[in-house]
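Each chain, letter by letter, is given below.
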Amino acid sequence: MAEILSTPTRFFLLTHAWKTFEHEGVLDEEGRPDFDRLQKALRRALRTHRVRGPLYLALSPELVLLHASPFPSLEGFPMDEAVLAEAQRSPLWRDEELVIDYDLLRPESPTRVWVLFAAMPRAAAWRLARGFRARRIEPWPLALWRAARTRFGTAHRFFVLEALAHTLAVFDGNQLVGFRRLSRPVTPEDGAVIEEVVRSLHLFGLTPPLDRGLVFGLPEPPSLEGLPAAEVVTGLPPEELKRAAWTRETPYLDLRPRRTHVGEGMPPEQQWALLLSALILAGALGANAWLGTKLRPARERVQTLEAERDQLRTKVENPEPPLPAGPGAAILRQVALGLPKGLWLESFSASREGVALTGKALDPYAPLDLAIRLGGRLTALNKEDDGVYTWEVSGAVTAQTR
């Protein structure tokens, strides 16, 4: 297996060390990638270095679309069509049939969720996947983000600054808070880059300095003084990046063509019409739910009083053993009242520091619903090969939940 990072001007082959193969630029005057030229250059590079076998291919953001945006989080909302319609808004891909992939990052509110997504022309993805036996086609620098998260763990706030595509990603523990392409190249001793990093941290809602920072570049990381982090690591060993390239931990995307999403292949006008119809339906469902909440209080109050009466009668007739107490007991009782549909619990642990629940789900929105209901946060959500999602929800134990 081989790992290759491609930018518009060179390939980086990752073995026990980095090997570089320069090629002619593949961007036209409008900045649109020419994947035919990219494919020919990649074939020459593989032949020169005698690389065979399955391939991990990371494409820089100049070659594929990589973006994060909030989307509605409602049961039945067609996320595939929404992401595809948003990708079609890019002027580079407006006339192309696209292949997309997305990863749910974190809930913004009970009705909105942040989504990381990527897109590229379907025809180009087919040629790369079939012609080079690519086992994964992923935007750079997701593998670098996963490697940094493994290095720093989930108990720190940290950023990843890289000088190949000139991007900045910020993590708060296990969650990707945000990322952006910087307005200027990440070059050694550039004070303006430091200022832009500081502004970006404020933009993402974090106050510098952070706990850790990673600076990455090839062949050497740029030397930058004054980065807003208590500890700065420069570069990563090749073996750490190789492991991260093939892991399926979030953030994880794969642009190899697979089953056709609903709406793929439609003209952009039809895709937008499909998305608007879905938004109107989602709005109608939301309005109906809102009206229901306004009309239910009196009925729910009566039901609550009747339930309390029945509970008192039952306790008098059949005394029960005392309920469990201690950290997490209240949350455990909440969970026992019923899990969201399509979700099941595998483990529950509690300590004075907090609680943690893990399990599996058929629907990625079910763990988000559980996290919001318990007042915690979704700290892990990974999609398995069989389509089932593994998840983890954690939260602090407050005085009210002890």
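None of these values were measured; they are calculated from a predicted model.

A cluster of nonpolar side chains, namely Leu339, Trp344, Leu345 and Leu362, defines an oily patch on the protein surface of about 340 Å² accessible area. Turning to its location among the elements, Trp344 is positioned in strand 14 (residues 343–350). A relative accessible area of 36% places Trp344 in the partly exposed class.

Another point: the sheet that holds strand 10 (residues 167–172). Here five strands make up an open sheet; going across it, the order is 11-10-9-12-13 and the pairing mixed. A strand with exactly one partner marks an edge of an open sheet, and here the two such strands are strand 11 (175–181) and strand 13 (229–234). For this sheet, the mean angle separating the axes of adjacent strands, direction not counted, is 15°. Here five bridges tie strand 12 (residues 210–216) to strand 13, and the two strands are oriented parallel to one another. Bridging across to strand 13, Leu210 finds its partner in Ala229. Each of strand 9 (157–162), strand 10, strand 11 and strand 12 is contacted by helix 5 (residues 191–203), which is oriented at about 40° to strand 10, the strand it contacts most.

Under the counting rule described, the total for this entry stands at 15 salt bridges. Residue Glu3 pairs with Lys242 through a salt bridge whose shortest N-O separation is 2.5 Å. Residue Glu3 is located in strand 1 (residues 2–6), and its partner Lys242 is located in helix 6 (residues 238–246); the two are separated by 239 residues in the primary sequence. In this structure Glu3 comes out as buried when scored by relative accessible area, which is 5%. One salt bridge in this structure joins Arg184 and Asp190, with 3.1 Å as the shortest N-O distance. For Asp190, a relative accessible area of 11% gives the class buried.

Residues Leu59, Met79, Leu116, Met120, Trp140, Trp145 and Trp391 are the most contacted members of the largest nonpolar core, which totals 94 residues. If you look at the next biggest cluster of nonpolar residues, it comprises 19 residues, including Val197, Leu224, Leu227 and Ala229.

What follows deals with a positive patch on the surface. On the surface, a cluster of positive charge is made up of Lys40, Arg43, Arg44 and Arg47. Residue class for Arg44 comes out partly exposed when judged on its relative accessible area of 40%.

Calculation criteria
Residues numbered from 1 in each chain as written. Predicted model: local features only at pLDDT ≥ 70, side-chain atom pairs only at ≥ 80, totals over all residues. Heavy atoms only, no water. Patch = residues over 30% accessible without salt bridge, like charges linked within 9 Å, V, L, I, M, F, W, Y side chains within 5 Å. Areas by Shrake-Rupley, 256 points an atom, 1.4 Å probe, with all protein chains shown as cover. Salt bridge = Lys/Arg side-chain N within 4 Å of Asp/Glu carboxyl O. Helix = DSSP H or I, 4+ residues; strand = E, 2+ residues; numbered from the N terminus. Buried < 20%, exposed > 50% of the residue type's maximum accessible area, 1.4 Å probe, protein only. Pairing = 2+ DSSP bridges. Axes fitted to C-alpha atoms, helices over the stretch in contact; angles between N-to-C directions. Contact = heavy atoms within 4.5 Å. Core = buried A, V, L, I, M, F, W, Y, C linked by side-chain atoms within 4.5 Å. Lys, Arg positive; Asp, Glu negative; His and termini not counted. Charge placed at Lys NZ, Arg CZ, Asp CG, Glu CD.

By themselves, these figures tell us nothing about what the structure is for.
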